[in-house]
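What follows is each chain in one-letter form.
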Amino acid sequence: MPDIAGPRFPVSDAADVFRRRYFQQIPRSLWNDWRWQLRSRLKSLQDLTRVFTLSEDEAAAVQRHSGSLPVGITPYYTHLLDLTDSTQGLRRTHIPATTEYVTLPGETSDPLDEDGRTTVPGLVHRYPDRVLFLVTGSCSTYCRYCTRSRLVGDPGGPYSFSMPQWEQALSYIEAHPQIRDVLLSGGDPLIIATEKLDWLLGRLRRISHVEFVRIGSKIPIVLPQRVTRGLVKTLRRHRVWMSLHVTHPDELTVEATEAVDRLADAGLPLGSQTVLLKGVNDDAALMKRLMHELLKRRIKPYYLYQCDSIAGSSHFRTPISRGIEIIEALRGHTTGYAVPQFVVDTPGGKIPLLPEYALGREGEDLLLRNYAGRVYRYRDDSGLAPEEPQLGRSAG
């Protein structure tokens, strides 16, 4: 099956206007070729200034950059970014700012201590029954708040990803029967060629104690043309679960919807992961709209992450209290399916945080607050011994 999106893959009006303005020599058929999109990413200051009016701060940040987490934006995704306003949320997530070069107390290049929990190169064993398998250091676009900013997009750097490394990781998984769940991440696993990904998934599926294989990806959102019929067929054959990284409702275009529909129609379970970002999506009404739009596309909102303490990420982080406020604005005000778990990721795992609904006890009653602020009593005496029946009295 050809590894292309196909002639019927949609192109939104906004994307087509952008194509005709900045890529006028490129026909729609080539625009929908995911490999062309990768080759044509905006990477340099020259690429960016051809399309954007950069602020002085953005230009200085791009010129200063070296090493991992480069600039890389697909032409498709570029059309979602404001071309003149440097304060637009989605634009800030992909064009660097000089605050990236300021490390505040508590920030580090590896805040989850993944390197310290790496058993063989590329395999992080943090939980008893599951592992994180980093299969590539490449992404189709590079988010400026990336948890793995230390390793992505730097092929000549200290982190390498190769077939021999995959074999080491697979041997480790085979030797540890307690591992039942494998999450493929990176980088973005869907950037790997379909044939190579098919091989890797097949090897994992031949390990008898591996019950779940998951893929974490942003590609259906930032490079939806990658979700070809051939890719979907491969993912379906290996029965993978998908965790999609979605930041803002504006990302859920007709193209992204087509990509997600292909995955959902193939029976792949879909969940979302969203990072809470200051000035991007830290608004309760916007977050509610995002969760509703995800559900409409058969994506279950799964995690809302507090932004990790990556070096240089202070301009994206909100107070913890903001995430709790957003969850409280969702809980009870929309369907429970639309309420993700708000979590803080730590070296010891993800820790969920909730608004305070249990207010305390009065005797045998637990005092509970509902979404509207009303307090209810729940008799919580299930741990007490039942009263002895009294002689001469009916038990009825």
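Procedures and definitions
- Residues numbered from 1 in each chain as written.
- Predicted model: local features only at pLDDT ≥ 70, side-chain atom pairs only at ≥ 80, totals over all residues.
- Heavy atoms only, no water.
- Helix = DSSP H or I, 4+ residues; strand = E, 2+ residues; numbered from the N terminus.
- Buried < 20%, exposed > 50% of the residue type's maximum accessible area, 1.4 Å probe, protein only.
- Contact = heavy atoms within 4.5 Å.
- Areas by Shrake-Rupley, 256 points an atom, 1.4 Å probe, with all protein chains shown as cover.
- Lys, Arg positive; Asp, Glu negative; His and termini not counted.
- Charge placed at Lys NZ, Arg CZ, Asp CG, Glu CD.
- Phe/Tyr/Trp six-rings, centres within 6.5 Å; stacked < 30°, edge-to-face > 60°.
- Salt bridge = Lys/Arg side-chain N within 4 Å of Asp/Glu carboxyl O.

Participant: What exactly am I supposed to notice about the overall build of the chain here?
Facilitator: Within the chain one finds 14 helices and 13 strands. When its C-alpha atoms are laid out on the principal axes, the chain stretches across 95 × 50 × 45 Å. Counting all 396 residues of the chain, 54% fall into the buried class. Relative to all contacts within the chain whose residues are 6 or more apart in sequence, the contacts with residues 24 or more apart total 75%. Summed over its atoms, the accessible surface of the chain is roughly 18300 Å², and 52% of this surface lies on carbon and sulfur atoms. Distance from the positive charge centre (50 side chains) to the negative charge centre (46 side chains) of the chain: 6 Å.

Participant: Honestly, the packing of aromatic side chains in this entry has me stumped. Any pointers?
Facilitator: Ring pairs (aromatic) are described by centroid distance and by the angle formed between their planes. Throughout the structure, instances matching the rule amount to eleven aromatic pairs. Between phenylalanine 23 and tryptophan 36, the ring centres sit 5.6 Å apart and the planes meet at 85°, which makes this aromatic pair edge-to-face. Of this pair, phenylalanine 23 sits in the loop between α1 (13-22) and α2 (28-31) while tryptophan 36 sits in helix α3 (residues 34-39), and the two are 13 residues apart along the sequence. Phenylalanine 23 sits in the buried class, given a relative accessible area of 11%.

Participant: Teacher, can you tell me more about the pattern of salt bridges here?
Facilitator: It is possible for side chains bearing opposite charge to pair when their charged atoms get close. Applying the stated criterion across every chain, the model contains 31 salt bridges. Across the pair aspartate 16 and arginine 20 runs a salt bridge, and its minimum N-O distance is 3.5 Å. Here aspartate 16 and its partner arginine 20 are both found in helix α1, four residues apart, which amounts to about one turn of the helix. A relative accessible area of 11% places aspartate 16 in the buried class. By relative accessible area, arginine 20 is classed as partly exposed at 47%. One salt bridge connects arginine 91 with glutamate 58, and the closest N-O pair in it is separated by 2.6 Å. Within this pair, whereas arginine 91 is found in helix α7 (residues 89-92), its partner glutamate 58 is found in helix α5 (residues 56-64), the two being separated by 33 residues in sequence. Comparing arginine 91 with glutamate 58, the two get one shared label, buried. Members of the salt-bridge network, linked through shared partners, are Asp110, Glu114, Asp115, Arg148 and Arg150.

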